[in-house]
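Residues per chain, in single letters:
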Amino acid sequence: MSNSQLRPMHIWLRPIAVWVALVLLGLASLISAYLPLNAFNTPLNLAIAGIMVILLWLFLMDLIGSDALVRLIAVAGLVWLSFMFALTFSDYFSRTCEDQPGRPPAFCVDQNIGRGGF
């Protein structure tokens, strides 16, 4: 076979391999949701999600062979996302759970903060 006949297969090889890995990791996440792991369920699913994100960044976004500027922009996006999560969580955890007139009782979410819960 000549090089021109192998080229189309070579182009699709990496994305298909990454897709298969993402599907398998998604299935692993689904299966782990039904396992009685108690406190280890959340860290396991977060680790699986982190591996999925790394696969997307490195292989499907081509950050492995990219220039330094493209990598810097990707890191800046991650910093901005973490900043937005920090603002969201600071707003959520700083709210008090009180009865509010005119609202149904389900409006206030019991957060168990400062009462020994997490």
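Small disclaimer: the values here were computed from a predicted structure and weren't measured.

So, how was this worked out
Residues numbered from 1 in each chain as written. Predicted model: local features only at pLDDT ≥ 70, side-chain atom pairs only at ≥ 80, totals over all residues. Heavy atoms only, no water. Helix = DSSP H or I, 4+ residues; strand = E, 2+ residues; numbered from the N terminus. Buried < 20%, exposed > 50% of the residue type's maximum accessible area, 1.4 Å probe, protein only. Contact = heavy atoms within 4.5 Å. Areas by Shrake-Rupley, 256 points an atom, 1.4 Å probe, with all protein chains shown as cover. Expected span 1.5 Å × (residues − 1). Arc of directions from axis to C-beta. pLDDT = per-residue confidence, 0-100. Patch = residues over 30% accessible without salt bridge, like charges linked within 9 Å, V, L, I, M, F, W, Y side chains within 5 Å. Salt bridge = Lys/Arg side-chain N within 4 Å of Asp/Glu carboxyl O. Core = buried A, V, L, I, M, F, W, Y, C linked by side-chain atoms within 4.5 Å. Polar contact = N/O pair within 3.5 Å; in protein donor to acceptor, adjacent residues only side chain to side chain.

### What about the overall build of the protein?
Working step 1: Within the protein one finds three helices and zero strands.
Working step 2: The buried share of the protein, reckoned over its 118 residues, is 8%.
Working step 3: If you take every contact in the protein between residues at least 6 apart in sequence, the share linking residues at least 24 apart comes to 33%.
Working step 4: Total accessible area computed for the protein in this model is approximately 10,000 Å², and 72% of it derives from carbon and sulfur atoms.

### So, helix H2 (residues 41–60)
Working step 1: The end-to-end C-alpha distance of H2 is 28 Å, a good match for the 28 Å that 20 residues give at a rise of 1.5 Å each.
Working step 2: Looking only at H2, the buried set comprises Asn41, Ile48 and Leu55. Looking straight down H2, one finds its buried side chains confined to an arc of 55 degrees; they lie on one side. Turned more than 90 degrees away from the buried face of H2 sit Thr42 and Leu46, all of them exposed.
Working step 3: After H2 finishes, the residue Asp62 shows a positive phi value of roughly 55 degrees.

### Observations regarding the confidence of the model for the protein
Working step 1: Here the protein averages 81 in pLDDT, and 75% of its residues register 70 or above.
Working step 2: Within the protein, the element-level pLDDT minimum falls on helix H1 (residues 3–33), averaging 86, and the maximum on H2, averaging 92.

### Some points on a nonpolar patch on the surface
Working step 1: A cluster of nonpolar side chains, namely Ile11, Trp12, Ile16, Trp19, Val20, Val23, Leu24, Leu27, Leu30, Ile31, Tyr34 and Leu35, defines an oily patch on the protein surface of about 1,300 Å² accessible area.
Working step 2: Checked against the element boundaries, Ile16 lands in helix H1.
Working step 3: For Ile16, a relative accessible area of 46% gives the class partly exposed.

### Observations regarding the nonpolar core
Working step 1: Residues Val18, Leu22, Leu25, Ile48 and Leu55 constitute the largest nonpolar core, which totals five residues.
Working step 2: Going through the elements one at a time, H1 and H2 are the ones with two or more residues in this core.
Working step 3: Top contributing element to this core by residue count: H1, with three residues.
Working step 4: Leave out the neighbours within four places in its chain, and Leu55 touches Val18, Ala21, Leu22, Leu25 and Leu60.

### Focus: the pattern of salt bridges
Working step 1: As enumerated under the stated definition, the model contains one salt bridge in all.
Working step 2: Here Arg14 and Asp62 are joined by a salt bridge, their closest N and O atoms 2.4 Å apart. Placement of Arg14 in helix H1 and of Asp62 in the loop between H2 and helix H3 (68–94) is noted, with a sequence separation of 48 residues between them.
Working step 3: Using a relative accessible area of 40% as the deciding quantity, one classes Arg14 as partly exposed.
Working step 4: For Asp62, a relative accessible area of 39% puts it in the partly exposed group.

### Points about the environment of Ser66
Working step 1: With respect to the secondary-structure elements, Ser66 resides in the loop between H2 and H3.
Working step 2: Residue classification places Ser66 among the buried residues on the basis of a relative accessible area of 17%.
Working step 3: Side-chain polar atoms of Ser66 contact the backbone oxygen of Leu63, separated by 3.2 Å.

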